[in-house]
Amino acid sequence: GYLDGYLADGTGYAACREALQRRADLRQYTTMSAMQDLDELRQALGYRTINLEGGSYGTRAAITYIRMFPERVHAALLFSLVPIENRAPLYHAAAAQRAFGVLVEQCRGDAGCRAAYPDIVGDLQAVLARLRAEPARVHVPHPVTKLPTEVRLGASGFADALRVMLYSVDSGRRVPLLLRRARAGDLVPFAEAALRSSRGFTQSIRPGLLLAFTCAEDVSRIRAEEVATETAGSFIGDQRVRNQMAACSVWPKGDVPQDYYRPLRSRVPAILVSGNLDPVTPPSWGEIALRYFPNGIHIVLPGTHTPTNDCVNDLGRKLFLTGTTRGLDGNCAAAAGLPPFALADYV
């Protein structure tokens, strides 16, 4: 279910594999194969060079295209960077913990939020401890029929739902309120919000394609002994990594040449954009990717995953028109504000 945590079926994805294998060779769905297809499309359309714009995994795809076809790229605008050093989902737990910590500090810096929610960390810890001892049964409206529906909410599902809420600025600003209500014994507002955000997140991703890319390219580089260290001290723990490693254990893996993992060095002009509240690709990954692009600039926005605003959009247009980052000033992007925290007792 949507509140079980992403990829919670683990080795159960063997059934999905069997269904898809009847009509496709799942080993062919690698990033390099997809970028070969993109270049064939470029040729068919008659373009000598193209501009690249991508977000999240799209940045990995763009980096791969630039590596494979360096002379075919005019400029790149990339949001929420996933450089080759990022072995997803090994670092998801630390990234989510960091984003939650930034959110908590922002609340402490706001008098109204600080007064309303003086112990956000304690609220989360108390709820997780209670759910570890005994998962809750919560009645919420069904997301489609709106009929009352009972859902099971355990600690792992609660934590992953919280992580997904942090992907959105709007839902993130309601997290302190929802945690306070949950600690007080009312899990319905959190469960309703979690169902909306987790359902939207799940429906936006095709698990077969996700597994095809990540199992071959990222999860294959994760060593079992690393997991505990990289997820220690995080509110989601190791469950997401373990879920994906289990799913990958039953998924066909395409061939990935060692050259794929070589850090890129490119003269392509690029604007890299990160969100300071991003729960999955924090600005540190943008800094790592910036090493690839001596003609690049890195802009950190007050936002979450794949953030943008009018300033960044304008800079992107100028980049694509001129093919240079010279003279582009990203300071206007950082001046944008965030919505206020939800303080009223409603959802």
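Residues numbered from 1 in each chain as written. Predicted model: local features only at pLDDT ≥ 70, side-chain atom pairs only at ≥ 80, totals over all residues. Heavy atoms only, no water.

*Asks:* Could you give an account of the overall build of the chain, with specific residues and numbers?
*Replies:* From N to C terminus, the chain includes 16 helices and 6 strands. Relative to a compact globule of 347 residues, whose C-alpha radius of gyration would be 20 Å, the chain shows 21 Å and is just as compact. Each principal axis of the C-alpha distribution contributes one length, and for the chain these read about 60 × 50 × 40 Å. When burial is assessed residue by residue, the chain has 51% of its 347 residues classed as buried. Summarising the internal contacts of the chain: among those between residues at least 6 apart in sequence, 79% fall at separations of at least 24. About 15800 Å² of surface is accessible on the chain, with carbon and sulfur atoms providing 52% of the total. (Helix = DSSP H or I, 4+ residues; strand = E, 2+ residues; numbered from the N terminus. Rg over C-alpha atoms; globule rule 2.2 N^0.38 Å. Buried < 20%, exposed > 50% of the residue type's maximum accessible area, 1.4 Å probe, protein only. Contact = heavy atoms within 4.5 Å. Areas by Shrake-Rupley, 256 points an atom, 1.4 Å probe, with all protein chains shown as cover.)

*Asks:* Run through the sheet that holds strand S1 (residues 50–55), naming residues and quoting values.
*Replies:* If you walk across this open sheet you meet the 4 strands as S1-S2-S5-S6, and the pairing is parallel. Of all strands in the sheet, those with a lone pairing partner are S1 and strand S6 (296–301), marking the two edges. The mean inter-strand angle of the sheet, taken between neighbouring strand axes irrespective of direction, is 15 degrees. Where strand S5 (residues 270–275) lies against S6, 6 bridges are found, and the strand directions are parallel. From the neighbouring strand, Val273 faces S6, where its bridge partner is Ile299. (Pairing = 2+ DSSP bridges. Axes fitted to C-alpha atoms, helices over the stretch in contact; angles between N-to-C directions.)

*Asks:* How would you explain the packing of aromatic side chains if you had to name every residue and give the values?
*Replies:* Enumeration over the complete set of coordinates arrives at 9 aromatic pairs. Between Tyr6 and Phe201, the aromatic rings sit 5.4 Å apart at their centres with planes inclined by 80 degrees, giving edge-to-face as the arrangement. Placement of the pair is Tyr6 in the segment before helix H1 (14–21) and Phe201 in helix H10 (residues 188–203), with a sequence separation of 195 residues. For Tyr6, a relative accessible area of 7% gives the class buried. A residue is classified by how much of its surface remains accessible, and Phe201, at 12% relative accessible area, is buried. (Phe/Tyr/Trp six-rings, centres within 6.5 Å; stacked < 30°, edge-to-face > 60°.)

*Asks:* Just give me the short version of the pattern of salt bridges, but keep the residues and values in it.
*Replies:* Side chains that carry opposite charge are capable of pairing whenever their charged atoms lie near each other. Inspection of the entire model under this criterion finds 18 salt bridges. Of the charged contacts in the structure, one is a salt bridge between Asp123 and Arg183, with a shortest N-O distance of 2.9 Å. Pair noted here: Asp123 is in helix H6 (residues 120–133) and Arg183 is in helix H9 (residues 175–183), with a separation of 60 residues, a long-range link. With a relative accessible area of 0%, Asp123 lands in the buried category. A single salt-bridge network, built from bridges that share partners, covers Arg87, Arg223, Glu225 and Glu226. (Salt bridge = Lys/Arg side-chain N within 4 Å of Asp/Glu carboxyl O.)

*Asks:* Provide a residue-level description of helix H11 (residues 207–217), including the pertinent values.
*Replies:* Where burial is concerned, most of H11 is hidden: 8 out of the 11 residues are buried. Residues Gly208, Leu211, Ala212, Phe213, Thr214, Cys215, Ala216 and Glu217 constitute the buried set of H11. Contacts from the buried residues of H11 go to H1, helix H2 (31–45), helix H3 (57–68) and helix H13 (239–248).

*Asks:* Report on the state of the cysteines, specifying residues and quantitative values.
*Replies:* Scanning the model with the defined rule gives 2 disulfides in all. One disulfide bridge connects Cys107 with Cys113, the sulfur atoms lying 2.0 Å from each other. On the sign convention where negative is left-handed, the bridge of Cys107 and Cys113, at about -100 degrees about the S-S bond, is left-handed. Under the relative-accessibility criterion, Cys113 is labelled buried at 0%. One disulfide bridge connects Cys215 with Cys248, the sulfur atoms lying 2.0 Å from each other. Between Cys215 and Cys248, the S-S torsion sits near -85 degrees, and that sign places the bridge as left-handed. (Disulfide = S-S within 2.5 Å.)

*Asks:* Could you give an account of the layout of surface pockets, naming the residues involved and the relevant values?
*Replies:* Estimated volume of the largest pocket: approximately 570 Å³. Surrounding the largest pocket, 25 residues form its lining, Ser56, Tyr57, His92, Ile205 and Leu210 being those nearest its centre. If one sorts the elements of the lining of the largest pocket by residue count, H11 sits on top with 5 residues. Among the residues forming the lining of the largest pocket, the class breakdown is 12 nonpolar, 8 polar and 5 charged. Considered as a void within the structure, the second largest pocket measures approximately 240 Å³ in volume. In this structure, the second largest pocket is lined by 16 residues; those nearest its centre are Gly1, Gly5, Tyr6, Leu7 and Thr202. Sorting the residues of the lining of the second largest pocket by element identifies helix H7 (155–165) and H10 as the ones contributing at least two each. Per-element tally for the lining of the second largest pocket: the top contributor is H10, with 3 residues. (1 Å grid on protein atoms, 1.4 Å probe; cavity = no way out; pocket = protein on both sides within 12 Å on 5 of 7 lines; lining within 4 Å. Points joined across faces, edges and corners; volume = space filled by probe spheres on them. Nonpolar A, V, L, I, M, F, W, Y, C, P; charged D, E, K, R; others polar.)

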